[in-house]
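Reading the structure
The primary structure of each chain is shown beneath.
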Amino acid sequence: MSVDWIAYSAYLINFTSMSMRKIGRLRVLAISANILYVCYGFAIQANPLMVGGSIAICIHSYQLARLMRPGIFQRG
């Protein structure tokens, strides 16, 4: 059974996220797509894909948290 459907699903979600007008929805979809990229990377044993996807998940998660709770990451 081919695991390519995981990558195609990730691409579809990623392209959909790019069409979002609201940044929160974009971040949620981007996180979902990157989770699939990491799973696909694991399935085909592609470390760069897993590392890149993991970094993107961290960045999008951080930015989503900042968006949802504006004062939480400010110094002062």
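Look up a bit, the structure's there.
What this report covers is the structure whose coordinates are included nearby. Here the structure is a predicted model, which means the values were calculated and not measured.

Conventions adopted
- Residues numbered from 1 in each chain as written.
- Predicted model: local features only at pLDDT ≥ 70, side-chain atom pairs only at ≥ 80, totals over all residues.
- Heavy atoms only, no water.
- Helix = DSSP H or I, 4+ residues; strand = E, 2+ residues; numbered from the N terminus.
- Buried < 20%, exposed > 50% of the residue type's maximum accessible area, 1.4 Å probe, protein only.
- Contact = heavy atoms within 4.5 Å.
- Patch = residues over 30% accessible without salt bridge, like charges linked within 9 Å, V, L, I, M, F, W, Y side chains within 5 Å.
- Areas by Shrake-Rupley, 256 points an atom, 1.4 Å probe, with all protein chains shown as cover.
- Salt bridge = Lys/Arg side-chain N within 4 Å of Asp/Glu carboxyl O.
- Phe/Tyr/Trp six-rings, centres within 6.5 Å; stacked < 30°, edge-to-face > 60°.

With that settled, consider the overall build of the protein chain. When helices and strands are counted, the protein chain shows three helices and zero strands. For the protein chain, the N- to C-terminal ordering of α and β elements is α-α-α. When its C-alpha atoms are laid out on the principal axes, the protein chain stretches across 50 × 25 × 15 Å. Scored against the burial criterion, the 76 residues of the protein chain give a buried share of 26%. Counting contacts in the protein chain only where the partners sit at least 6 residues apart, residues at least 24 apart contribute 45% of the total.

Our next topic: a nonpolar patch on the surface. Together, Tyr8, Tyr11, Phe15 and Met18 line one region of the surface with nonpolar side chains, adding up to about 520 Å² of accessible area. Secondary-structure assignment places Tyr8 in helix H1 (residues 4-17).

Let us now look at the packing of aromatic side chains. A full pass over the atoms with the stated rule returns two aromatic pairs. Each ring, one from Tyr11 and one from Tyr37, has its centre 5.7 Å from the other, and the planes form 70°; the classification is edge-to-face. Of this pair, Tyr11 sits in helix H1 while Tyr37 sits in helix H2 (residues 23-43), and the two are 26 residues apart along the sequence. With a relative accessible area of 12%, Tyr37 lands in the buried category. Three or more aromatic residues link up through ring pairs in this structure, and these residues are Tyr11, Phe15 and Tyr37.

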